[in-house]
Amino acid sequence: MSAVLAAAPADVEEKDWAANRKVTLERLRIVDMIHEGKPACRLCGQTVNHPDKFGLCSKTSDAHQEWRGITPKRKAGKR
């Protein structure tokens, strides 16, 4: 089987990519259907599978940390 895999890339021709609005919109519709009914982060609106106990996603931005009650760490020398 490894001989088949090793020979496969040389036999495959790459197709030129062209934007296709109809295909893109169809795939985005499918993604929206998959995400339908899933919770969203209370701060940024990102769809999440399991929000934390504050209803937030897993981002660690300063705003997300503040909503969690964590004081963002400041680098030494910053005022």
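Residues numbered from 1 in each chain as written. Predicted model: local features only at pLDDT ≥ 70, side-chain atom pairs only at ≥ 80, totals over all residues. Heavy atoms only, no water.

1. Digging into the side chain of Gln65
Phase 1: Mapped onto the fold, Gln65 is located in helix 3 (residues 62-67).
Phase 2: Residue class for Gln65 comes out buried when judged on its relative accessible area of 16%.
Phase 3: Apart from residues no more than four positions distant in its own chain, Gln65 is found in contact with Thr60 and Ile70. (Helix = DSSP H or I, 4+ residues; strand = E, 2+ residues; numbered from the N terminus. Buried < 20%, exposed > 50% of the residue type's maximum accessible area, 1.4 Å probe, protein only. Contact = heavy atoms within 4.5 Å.)

2. A closer look at the pattern of salt bridges
Phase 1: Inspection of every chain in the model, using the stated rule, returns 2 salt bridges.
Phase 2: Two residues, Arg29 and Glu26, come together in a salt bridge whose shortest N-O distance is 2.6 Å. With Arg29 and Glu26 both in helix 2 (residues 21-35) and 3 residues apart, this pair spans about one turn of that helix.
Phase 3: Residue class for Glu26 comes out partly exposed when judged on its relative accessible area of 35%.
Phase 4: We note a salt bridge from Asp52 to Arg68, for which the minimum N-O separation is 2.7 Å. Placement of Asp52 in the loop between helix 2 and helix 3 and of Arg68 in the segment after helix 3 is noted, with a sequence separation of 16 residues between them.
Phase 5: Taking the relative accessible area as the measure of exposure, Asp52 reaches 28% and is therefore partly exposed. (Salt bridge = Lys/Arg side-chain N within 4 Å of Asp/Glu carboxyl O.)

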